[in-house]
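# Working through the structure, step by step
Take a look at the letters that make up each chain.
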Amino acid sequence: MSKESGEKARGKEAGKTAITAGSEPELSRQVGARAARKLKARRRGTQTVWSGLGMIGLVGWSVVVPTLAGAALGVWLDQHVPMKHSWTLMLLFIGLIIGCVNAWYWVDKEDKETHEEREEPGKEKLR
């Protein structure tokens, strides 16, 4: 075997070792992350239909309560402080906007928590 072919063979072997060695830590990190997510899910309990409905209810009530409060205040103001325009419609619309912003806040918060859990599965949140 010539000197050149020996160097090429060693270079190929070294290249294979470098590729394998570089991918092993990545693979073990991914496997570790999945295992940590599974363990965390078991500790938290499984997501049931009721917990999903509870989240839908939370978002729904975060819209409904400000909307109804605005309408109720508007009805009271229409009776006690007459105005050219309807207080009820104006405050109903303002309550709806506040409720939608509130719902957006809750959904965004849950989305961020979900993404943080996927990115850093080993990191526990302190509450």
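Parameters and conventions
- Position numbers for residues start from 1 in each chain and track the written sequence from start to end.
- Only residues with pLDDT of 70 or above have their local features reported here, since the model is predicted, and side-chain atom pairs are shown and tallied only from 80 upward, although totals for entire chains, interfaces and linings are computed over all residues.
- The basis for every side-chain value is the complete set of heavy atoms in the structure, and neither hydrogens nor water enter the calculation.
- Secondary structure counts use DSSP, requiring at least four H or I residues in a row for a helix and at least two E residues in a row for a strand, with both numbered from the N terminus.
- A simple rule labels every residue: compare its accessible area, found with a 1.4 Å probe on the protein chains alone, to the largest value its type can have, and call it buried under 20%, exposed over 50%, or partly exposed in between.
- Under the convention used here, a 1.4 Å probe and the Shrake-Rupley method define accessible areas, while residue burial counts only the protein chains that appear.
- Take the residue count of a helix, subtract one, and multiply by 1.5 Å to get its expected span.
- By definition, pLDDT measures how confident the predictor is in each residue, and it falls between 0 and 100.
- Contact criterion: two residues are considered in contact whenever any of their non-hydrogen atoms come within 4.5 Å of each other.
- One side-chain nitrogen of Lys or Arg within 4 Å of one carboxyl oxygen of Asp or Glu is enough to make a salt bridge.
- Each patch groups residues whose relative accessible area exceeds 30% and which form no salt bridge, using 9 Å between like charges and 5 Å between nonpolar side chains of Val, Leu, Ile, Met, Phe, Trp and Tyr.

The secondary structure content of the chain amounts to three helices and zero strands. Going from the N terminus to the C terminus, the chain shows its helices and strands as α-α-α. Counting only residues that meet the buried cut, the chain has 13% of its 127 residues in that class. Working note: accessible area of the chain is about 10,500 Å², and carbon and sulfur atoms make up 66% of it.

Another aspect to go through is helix 2 (residues 49-80). Along an α-helix, residues three or four positions apart point the same way, because every turn accommodates 3.6 residues. With 32 residues, helix 2 should cover 46 Å at 1.5 Å per step; its first-to-last C-alpha distance of 46 Å lies within 8% of that length. Among the residues of helix 2, those classed as buried are Ser62, Pro66, Thr67, Gly70, Ala71, Gly74 and Leu77.

Here we take up the side chain of Ser62. Within the secondary structure, Ser62 is located in helix 2. Classification of Ser62 by relative accessible area gives buried; the value is 7%.

Mapped onto the fold, Leu68 is located in helix 2. Along the chain, Leu68 and Gly99 lie 31 residues apart, while their C-alpha atoms are 9.8 Å from each other.

Let's shift gears to the confidence of the model for the chain. Residues at a pLDDT of 70 or more form 67% of the chain, whose mean pLDDT is 76. By mean pLDDT, the top-scoring element of the chain is helix 2 (89), and the lowest-scoring one is helix 1 (residues 3-44) (63). Segment residues 9-19 is flagged for pLDDT under 50; beyond a separation of four residues in sequence, or across chains, it makes zero contacts in the model.

This part covers the pattern of salt bridges. Scanning the model with the defined rule gives two salt bridges in all. Notably, a salt bridge pairs Asp108 with Lys112, separated by 3.4 Å at the nearest N-O pair. Note that Asp108 and Lys112 are positioned in helix 3 (residues 87-119) at a spacing of four residues, about one turn of the helix. Owing to a relative accessible area of 31%, Asp108 belongs among the partly exposed residues under this scheme.

The grouping of Val49, Trp50, Leu53 and Ile56 at the surface amounts to a nonpolar patch, some 510 Å² of accessible area in total. Position of Val49 among the secondary structure elements: in helix 2. A relative accessible area of 62% places Val49 in the exposed class.

Once that is clear, we can look at the environment of Ile97. In this structure, Ile97 sits in helix 3. Distance in space between the C-alpha atoms of Ile97 and Thr67 is 8.1 Å, their sequence separation being 30 residues.

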